[in-house]
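# Reading the structure
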Amino acid sequence: MSNLKKKADSPLERLGNGLFKENPTFVLMLGMCPTLAVTTSAMNGLGMGLATTAVLMMSNLIISLLRKVIPNRVRIPAFIVIIATFVTVVQFLMEAYLPDINKALGIYIPLIVVNCIILGRAEAYAYSNPPIPSFFDGLGMGLGFSFALTCIGAVRELLGAGKVFDYSVMPASYVPINIFVLAPGAFFVLAALTALQNYIRIRLKKAGKKDKAERLQSGCNEDCMNCNDKGCAKRFYDDSKKAEEKSVKKTDKQEVKKPVENKEEKKLAEIKKQAFEKTEEQPAAQEKTLRQIKEEAEAQRRAASAQKEAAKEGSEASNDLNTEKKEDAKND
């Protein structure tokens, strides 16, 4: 039994994670709008929690089944469409069979569509895990949410009206504290219950019962390296499981390609040797080319000077002929 509890992604581990370790209300502080608004009585809190649980279970299951079909770029709109479908079904069922609770909860039932608990579990867990663990993750988170809302509603109803589930608990002389039925009372009760959980956790740690204290932890312990919780809210955009699978596949491919790599390495070594030999021959070849360039430049310079001298001589000869012609013309 203890092995089942500790095994990651098992049904019991997912249920315990949602109820205690990552309780959406007391630990993660998610879904505060319905938590504070509808918990005026224990019955309202229980009704809201169970409606959210049904949507969480079914949406997680369907999203997990379609995780390889839904494109990554449009996953959030796809999640909302799936969640909205189940919210509509739940709302129609509550209108038909539980009209009083449906009337008391009012607009907060349709608002389950954008509840950050449901979208968070779809993104953080269901989209990257198999269907059965995803279903139990939704069930655990839903039961944790239902438990928190029922506790808050029961305390508020007890102190504000002297009743629990519409049954009188306090004596007739009890004077109700009306503020607990109003909005401020929700904040007071939530703070008190969260403080009580933290107090129990600290006492269990001091007593040496670390495992039990971890079940009641409030928030993240910031030790992601040693954390086995793959559905942690810290990993909203970190798909570690896929990264591990990719690294394993890469290592497998590298092992398969080893003989091919040996042949390629030999070819590369031969090419490197040839390149090294060429680099040794390069200085001598460079010297030859430099000499050739110098000789060609010198020959061109000499040819140019010879052409200049020939041009000078030609111009002098033409000048002499012109002077002779002029003199002859004068004598005539």
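Note that this is a predicted model, so its numbers are computed, not measured. (Residues numbered from 1 in each chain as written. Predicted model: local features only at pLDDT ≥ 70, side-chain atom pairs only at ≥ 80, totals over all residues. Heavy atoms only, no water.)

Turning our eyes to something else, we now look at the pattern of salt bridges. In the structure shown here, the tally under the stated rule is seven salt bridges. The partner of R301 in a salt bridge is E298, with the nearest N and O atoms 2.2 Å apart. Of this pair, R301 and E298 both sit in helix α12 (residues 258-331), three residues apart, which is roughly one turn of that helix. R302 is the partner of E298 in a salt bridge, and the nearest nitrogen-oxygen pair spans 3.6 Å. Linking E298 with R302, this pair stays in helix α12, spanning four residues, or about one helical turn. Since its relative accessible area comes to 28%, E298 is described here as partly exposed. Residue R302 is classed as exposed on the basis of its relative accessible area, which comes to 56%. Here the salt bridges share partners, and the residues they tie into one network are E13, R14, E22, R121 and D137. (Salt bridge = Lys/Arg side-chain N within 4 Å of Asp/Glu carboxyl O. Helix = DSSP H or I, 4+ residues; strand = E, 2+ residues; numbered from the N terminus. Buried < 20%, exposed > 50% of the residue type's maximum accessible area, 1.4 Å probe, protein only.)

Any two packed helices are characterised by how steeply their axes cross, that is the angle between the axes, and by the distance between the axes. For the pair helix α4 (residues 42-65) and helix α8 (residues 131-161), interaxial distance at closest approach is 7 Å and the crossing angle is 170 degrees. With respect to each other, α4 and α8 are oriented roughly antiparallel. Classifying every residue of the contact of α4 with α8 gives 16 nonpolar, 12 polar and two charged. (Axes fitted to C-alpha atoms, helices over the stretch in contact; angles between N-to-C directions. Parallel < 35°, antiparallel > 145°, perpendicular 65-115°, else oblique. Nonpolar A, V, L, I, M, F, W, Y, C, P; charged D, E, K, R; others polar.)

This part is about the nonpolar core. Counting 29 residues, the largest nonpolar core has V55, I63, F79, I83, M94, L105 and I112 as its most contacted members. Elements that contribute at least two residues to this core include exactly α4, α5 (75-97), α6 (99-105), α7 (116-124) and α8. Take this core: its biggest share by element is eight residues, from α5. Not counting chain neighbours up to four residues away, the residues in contact with M94 comprise A51, P99, I101, N102, L105 and I109. Counting residues in each nonpolar core, the second largest holds nine residues, with A148, I152, A186 and L193 among its members. (Core = buried A, V, L, I, M, F, W, Y, C linked by side-chain atoms within 4.5 Å. Contact = heavy atoms within 4.5 Å.)

With that out of the way, let us pick up the side chain of S146. Among the secondary structure elements, S146 is positioned in helix α8. A distance of 2.9 Å separates the side chain of S146 from the backbone oxygen of G49, its partner in a polar contact. (Polar contact = N/O pair within 3.5 Å; in protein donor to acceptor, adjacent residues only side chain to side chain.)

The next thing to look at is the packing of aromatic side chains. A full pass over the atoms with the stated rule returns two aromatic pairs. Relative to F136, the ring of F135 lies with its centre 5.6 Å away and its plane at 90 degrees, an arrangement referred to as edge-to-face. The partly exposed category is assigned to F136, whose relative accessible area is 23%. (Phe/Tyr/Trp six-rings, centres within 6.5 Å; stacked < 30°, edge-to-face > 60°.)

Treat this as a map of the structure, not an account of what it does.
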